[in-house]
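# Residue-level structure breakdown
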Amino acid sequence: MRNLKVLLSRVCYPLPIALCAARSMQTQRHYFGKHVNNRNCMIVSRAARVYYTNLRNFRISNFYYSCWKCGAEIKTPSLFCSQCNVLQKPEETNYFHIIGIKEDYEIDNKELTTKFRKLQNILHPDRFTGKDEEERQLSEQYSSLVNKAYSTLAQPLSRGLYMLSMRDVYLEEGITATDPQFLTKILEINEELADAQPDDVKKLERNNKEMLDKLTREAAVAFSTGDINTAKQVLVKMKYYSSFEARIKNLKRESGIE
């Protein structure tokens with residue numbers, strides 16, 4: 001408990017100070033003009049945002065917890081208890097942390113796949129055939145969670161939507177783009193897909209991939225700069241092109257195109 005209090009004090013204690021200072025600076029600007037203390041206000045506000053970020057990203061897995069089977073203290077997040085070697089209950093729900101990669105829109109797909117396969121191997125049902133029922137169920141639960149995390153993070157669209165949900169931001173059901181020029185382009189592509197001949201499919205696929213790559217880069221910039229509104233708009237557009245990607249795959253299958 002003492003360790004917990006010290007840890008929380010380090011993260012949380014300076015936050016009220018920063019917020020009070022920011023409020024004080026804003027009051028001075030109100031009474032003495034926007035040009036007074038503007039730079040100081042920006043600095044303190046930035047400090048307050050940093051503390052909010054630290055608090056939001058603070059992970060429960062940093063606390064000590066006990067093995068559900070033998071009660072041994074576990075000081076660092078681990079799949080198995082070091083004392084009885086029993087699979088532990090999933091304490092983490094963040095998909096990035098489950099797989100073990102950095103929490104960022106721009107990910108290393110090779111690292112993601114490598115770590116996913118390693119976890120798959122560790123959690124394979126064959127490794128738990130001699131275990132008791134509870135541990136077998138835990139392995140199935142953990143394996144399902146790992147699969148869900150991987151499938152979500154592997155695709156740019158689902159990864160972006162997940163990162164929005166982490167910030168309590170969601171794309172409303174049926175939401176559409178409002179840019180007239182963009183919507184005109186979408187209608188043109190729809191017509192091209194409807195009239196596509198086998199010889200057209202490869203070109204349509206190439207163009208669609210280029211657009212998805214472009215939107216992925218735009219989403220990466222938006223998330224890295226904290227521009228969630230722009231990230232949301234980019235993902236709305238990405239949904240259209242992801243839909244086209246699925247239609248193109250169907251066209252290729254129907255036409256026997258490799």
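Before any of the text, the structure's been laid out above.
Residues numbered from 1 in each chain as written. Predicted model: local features only at pLDDT ≥ 70, side-chain atom pairs only at ≥ 80, totals over all residues. Heavy atoms only, no water.

### Focus: the nonpolar core
Judged by nonpolar contacts, the single largest core of 50 residues is most densely connected at Ile99, Val146, Leu153, Phe223, Met238 and Tyr241. Counting only elements with at least two residues in this core, the list comes to α4 (95-99), α5 (109-122), α6 (133-154), α7 (156-165), α8 (180-194), α9 (198-224) and α10 (228-255). When sequence neighbours within four positions are dropped, the list of residues in contact with leucine 153 reads Tyr95, Phe96, Ile99, Ile101, Ile107, Leu112, Arg159 and Tyr162. Within the second largest apolar cluster, five residues are counted, among which are Tyr65, Cys67, Ile74 and Cys81. (Core = buried A, V, L, I, M, F, W, Y, C linked by side-chain atoms within 4.5 Å. Buried < 20%, exposed > 50% of the residue type's maximum accessible area, 1.4 Å probe, protein only. Helix = DSSP H or I, 4+ residues; strand = E, 2+ residues; numbered from the N terminus. Contact = heavy atoms within 4.5 Å.)

### Considerations on the packing of aromatic side chains
Applying the stated criterion to the full structure yields seven aromatic pairs. Pairing tyrosine 95 with tyrosine 162 gives two aromatic rings, centres 4.4 Å apart and planes at 10 degrees, and the pair type is stacked. Taken together, the residues tyrosine 95 in helix α4 and tyrosine 162 in helix α7 connect sequence positions 67 residues apart. On the basis of relative accessibility, which here comes to 14%, the residue tyrosine 95 falls in the buried class. With a centroid separation of 6.2 Å and 40 degrees between ring planes, the pair formed by phenylalanine 96 and tyrosine 162 is classed as tilted. Residue phenylalanine 96 is found in helix α4, and its partner tyrosine 162 is found in helix α7; the two are separated by 66 residues along the sequence. On the accessibility criterion, phenylalanine 96 (0% relative accessible area) is buried. (Phe/Tyr/Trp six-rings, centres within 6.5 Å; stacked < 30°, edge-to-face > 60°.)

### Here's the deal with a negative patch on the surface
On the surface, a cluster of negative charge is contributed by Glu188, Glu191, Glu192, Asp195, Asp199 and Asp200. For the negative patch, the secondary-structure elements that each account for two or more residues are α8 and α9. In terms of residue count, α8 provides more of the negative patch than any other element does, three residues in total. For glutamate 192, the position within the fold is in helix α8. (Patch = residues over 30% accessible without salt bridge, like charges linked within 9 Å, V, L, I, M, F, W, Y side chains within 5 Å. Areas by Shrake-Rupley, 256 points an atom, 1.4 Å probe, with all protein chains shown as cover. Salt bridge = Lys/Arg side-chain N within 4 Å of Asp/Glu carboxyl O. Lys, Arg positive; Asp, Glu negative; His and termini not counted. Charge placed at Lys NZ, Arg CZ, Asp CG, Glu CD.)

### What about unusual backbone geometry?
Although it is not a glycine, asparagine 85 sits at a positive phi angle of roughly 60 degrees. For asparagine 85, the position within the fold is in the loop between β2 (73-74) and α4. Residue aspartate 168 is not a glycine yet carries a positive backbone phi of 60 degrees. Tracing the backbone shows aspartate 168 in the loop between α7 and α8. For aspartate 168, a relative accessible area of 62% gives the class exposed.

### Describing the packing of α8 against α10
One way to put it is that α8 packs onto α10 with a least axis distance of 11 Å and a crossing angle of 5 degrees. Comparing the axis directions of α8 and α10 gives the class roughly parallel. Contacts from Phe182, Leu183, Lys185, Ile186, Ile189, Asn190, Leu193 and Ala194 in α8 reach Lys237, Tyr240, Tyr241, Phe244, Arg247, Ile248 and Leu251 in α10. Residues that form the contact of α8 with α10 fall into these classes: eleven nonpolar, one polar and three charged. (Axes fitted to C-alpha atoms, helices over the stretch in contact; angles between N-to-C directions. Parallel < 35°, antiparallel > 145°, perpendicular 65-115°, else oblique. Nonpolar A, V, L, I, M, F, W, Y, C, P; charged D, E, K, R; others polar.)

### Side note on α8
Taking 1.5 Å per residue, 15 residues should reach 21 Å; α8 reaches 21 Å between its end C-alpha atoms and fits that length. All of the buried residues along α8 are Phe182, Ile186, Ile189 and Leu193. Here the buried residues of α8 occupy an arc of 65 degrees about the axis, which is enough to place them on one side. Across from the buried face of α8, at angles greater than 90 degrees, the exposed residues are Pro180, Gln181, Leu187, Glu191 and Ala194. Buried-residue contacts for α8 involve α9 and α10. (Expected span 1.5 Å × (residues − 1). Arc of directions from axis to C-beta.)

It is worth stressing that arrangement in space is one thing and function is another; only the former is reported here.
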